[in-house]
Amino acid sequence: MLSVHMMCGKCGNETSGQKLQGFALNCSVEDNQFASSSSLRLILVGQSGCGKSATGNSILCQPMLESRLGAQAMARTCQLATGMCYGRNILVVDMPSTIDPRPRTRDVQVYRDCYLLSAPGPHVLLLVTQLERFTALDTLAVSRVKEVFGAGAMRHVGVLFTHKKDIGDMFLDEYVVNTDNHSLQILVQECGKRYCGLNNQATGEEQREQLQKLMAVVEKLERDNQGNFSTYELFLDAQVLGGRGGGTTP
């Protein structure tokens, strides 16, 4: 099942439910399609335990995605939440880690669910990684992003560092420029130096400022791609599996 949380655009009330066979029990297919097509669509990708769900909640300023810690962090299904951020309708899909060991048939189901929730495709892929802990698993996660979303996926990728508070008073740009992590340097270059930091425990002015910086990165990426969204064969395969007609309008 898929966890779904949506904010009504008319009344502002939250609706929630379990997602079964691609569609919410308390939300029509047409409602889901409209919410997706009219929103800025983000997919959060990365290894388990890096803070994807908490990041989604920070973006939406509400605890709408179930967040797991430590040994409980291995989510098995996609999560969807929608809301507003600085005047934009935002649709956030929290994608389970595709580097965790599991049957390949399970991966196919994840891709299908991810497509159904973000159709006709995501505008932005936010690669979430913990600051100062970019490891070989994160590098593998980058490879899986390319595999799932295609070679052109990096045009849609922005890097989001969680635990920004861990570097204290150091500027994030200073940390990125001076890091001796060669794999991280390659990633930053490959995605056009699109990155920002987030402290998911922040409140008040700190929270507002970091969300402004994040939205600046996301909206610039959207403009650079002229509003086009990421598509890939696995998404198209998922579309066939889901029995839905395709679209090319962002």
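Residues numbered from 1 in each chain as written. Predicted model: local features only at pLDDT ≥ 70, side-chain atom pairs only at ≥ 80, totals over all residues. Heavy atoms only, no water.

A. Here's a closer look at helix α2 (residues 52–60). Of all the nine residues making up α2, eight are buried; the element is thus mostly covered by neighbouring parts of the structure. Residues of α2 that are buried include every one of K52, S53, T55, G56, N57, S58, I59 and L60, and no others. Positive backbone phi, approximately 60°, marks C61, located one or two places after α2. (Buried < 20%, exposed > 50% of the residue type's maximum accessible area, 1.4 Å probe, protein only. Helix = DSSP H or I, 4+ residues; strand = E, 2+ residues; numbered from the N terminus.)

B. Examining the nonpolar core more closely. Core analysis: the biggest nonpolar cluster contains 33 residues, and I43, V93, M95, F149, F161, L172 and L187 have the highest contact counts within it. At the level of elements, β4 (40–45), β6 (88–94), α3 (104–118), β7 (124–130), α4 (136–149), β8 (157–162), α5 (172–178) and α6 (182–190) are the ones that each hand at least two residues to this core. Of all hydrophobic cores here, the second largest spans 24 residues; its members include V124, V128, L211 and L214. (Core = buried A, V, L, I, M, F, W, Y, C linked by side-chain atoms within 4.5 Å.)

C. Main features of the packing of aromatic side chains. Tallying each qualifying case throughout the model produces one aromatic pair. Note on F161 and Y195: the rings are 6.2 Å apart at their centroids and 75° apart in plane angle, and the pair reads as edge-to-face. With F161 in strand β8 and Y195 in strand β9 (residues 195–198), the pair connects residues that are 34 residues apart, well separated along the chain. Its relative accessible area of 1% is what places F161 among the buried residues. (Phe/Tyr/Trp six-rings, centres within 6.5 Å; stacked < 30°, edge-to-face > 60°.)

D. Geometry of the confidence of the model for the protein. For the protein, mean pLDDT is 79; residues scoring 70 or higher make up 71% of the total. Between residues 7–15, whose pLDDT stays under 50, and residues either more than four places distant or in other chains, the model counts 17 contacts. Within the model, the stretch residues 244–250 combines pLDDT values under 50 with 19 contacts to residues more than four positions away or in other chains. (pLDDT = per-residue confidence, 0-100. Contact = heavy atoms within 4.5 Å.)

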